[in-house]
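Examination of the molecular architecture
The lines below spell out each chain.
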Amino acid sequence: MTRWKLNTLLVFFLFFISKLVVAQNYGNEWINSLQTYWKFPIYKQGIYRIDSATLANAGVPLQNILPQNLQIFLYGEEQYIYIKGEQDGVFNSSDYLEFYAELKPYLLDSLLYTNITALPNPYIGVCSAGPGNTDTVYAFITYNTSTNNKRLVVETDTSFSSYIPENYVYTEQISVVKNNYNYIPQYTADG
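These numbers come from a predicted model, not from an experiment. (Residues numbered from 1 in each chain as written. Predicted model: local features only at pLDDT ≥ 70, side-chain atom pairs only at ≥ 80, totals over all residues. Heavy atoms only, no water.)

**Looking at the sheet that holds strand 2 (residues 46-51)**
Ordered by their spatial adjacency, three strands build an open sheet running 2-6-5, and the pairing between neighbours is antiparallel. The strands lining the two open edges of the sheet, one partner per strand, are strand 2 and strand 5 (81-84). Averaged over all neighbouring strand pairs, the angle between strand axes comes to 20 degrees, with direction disregarded. In terms of strand pairing, strand 5 meets strand 6 (residues 96-101) through four bridges, oriented antiparallel. Bridging from a neighbouring strand, Y82 pairs with E98 of strand 6. (Pairing = 2+ DSSP bridges. Helix = DSSP H or I, 4+ residues; strand = E, 2+ residues; numbered from the N terminus. Axes fitted to C-alpha atoms, helices over the stretch in contact; angles between N-to-C directions.)

**Quick look at the sheet that holds strand 7 (residues 137-143)**
Ordered in space as 1-7-3-4, the four strands form an open sheet in which the pairing is antiparallel. The open sheet has two edge strands with one neighbour each: strand 1 (38-42) and strand 4 (77-78). Pairing of strand 3 (residues 70-74) with strand 7 involves five bridges; the strand directions are antiparallel. Of the residues in strand 7, the one forming a bridge with L74 is A139.

**A look at the side chain of N69**
Positionally, N69 belongs in the loop between helix 2 (52-57) and strand 3. Looking at N69, its side chain comes within polar contact range of the main-chain oxygen of S146, at 2.8 Å. Those residues in contact with N69, other than ones at most four positions away along the chain, are T142, Y143, N144, T145, S146, T147, N149 and R151. (Polar contact = N/O pair within 3.5 Å; in protein donor to acceptor, adjacent residues only side chain to side chain. Contact = heavy atoms within 4.5 Å.)

**Structural notes on the pairing of strand 3**
Two faces make up the sheet, and in a regular strand the side chains alternate between them. Across the five residues of strand 3, five count as buried, placing the element largely inside the fold. Side chains L70, I72 and L74 project from strand 3 onto one buried face, and the interleaved Q71 and F73 project onto a second face that is buried too. Across two bridges, the pairing between strand 3 and strand 4 is antiparallel. Pairing of F73 across the sheet is with E78, part of strand 4. Remark: two residues form the turn of the hairpin made by strand 3 and strand 4, two consecutive strands paired antiparallel; Y75 in that turn has positive phi of roughly 60 degrees. (Buried < 20%, exposed > 50% of the residue type's maximum accessible area, 1.4 Å probe, protein only.)

**A look at the nonpolar core**
With 22 residues, the main nonpolar core has F40, I42, L55, L70, I72, L97 and F99 as its most contacted residues. Looking at this core, the elements that each hand over two or more residues are strand 1, strand 2, strand 3, strand 5, strand 6 and strand 7. (Core = buried A, V, L, I, M, F, W, Y, C linked by side-chain atoms within 4.5 Å.)

**Describing the packing of aromatic side chains**
Scanning all chains against the criterion turns up seven aromatic pairs. Summarising the aromatic geometry, the rings of W30 and F73 are spaced 5.0 Å apart at their centres and angled 25 degrees between planes, so their arrangement reads as stacked. In this pair, W30 sits in the loop between helix 1 (3-20) and strand 1 while F73 sits in strand 3, placing the two residues 43 residues apart along the sequence. A centroid spacing of 6.2 Å and a plane angle of 20 degrees characterise the contact between W38 and Y143, whose relative ring orientation is stacked. Here W38, found in strand 1, pairs with Y143, found in strand 7; they are 105 residues apart in sequence, far enough to count as distant. Given a relative accessible area of 16%, W38 falls into the buried group. (Phe/Tyr/Trp six-rings, centres within 6.5 Å; stacked < 30°, edge-to-face > 60°.)

This is the structure in structure tokens:
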């Protein structure tokens, strides 16, 4: 075979082999490059309410989209949201959206370890526990053309007499002290 044929064969071989290689996920596969995203901070766990004025001031084109098209992503997953007044198809000045946000500082820590079944502290992240660092994460608002996005539904059933009350309930309370570490003496080869 000539050198040109060998080079051509090698190029085709490498091209087809490269199609079989599967790369590691980066964690941002949830992002649709055809959509626009607005980032906002989540400081603590709880229910967040964002009104129409805040959305409009952030640049969300509320007059051009249906409220049913709105989505919120946190940790790369779409969150269930409630939008007051979305049934009329217009985001009015009195409308707002609400959602529940949970802080998960251990998610960054899980990237530090391989082959581990439990993290050293699932309540305070090593990556966010140092001086000057915060537990702030970011959520993203976007919209698409689907009207089948994740929504919370208001429960209107008030007939509680048909339910049997429980005799007890389990609960768990966790108290975590931030920025307190056990003192571990440092030893050197010199003694």
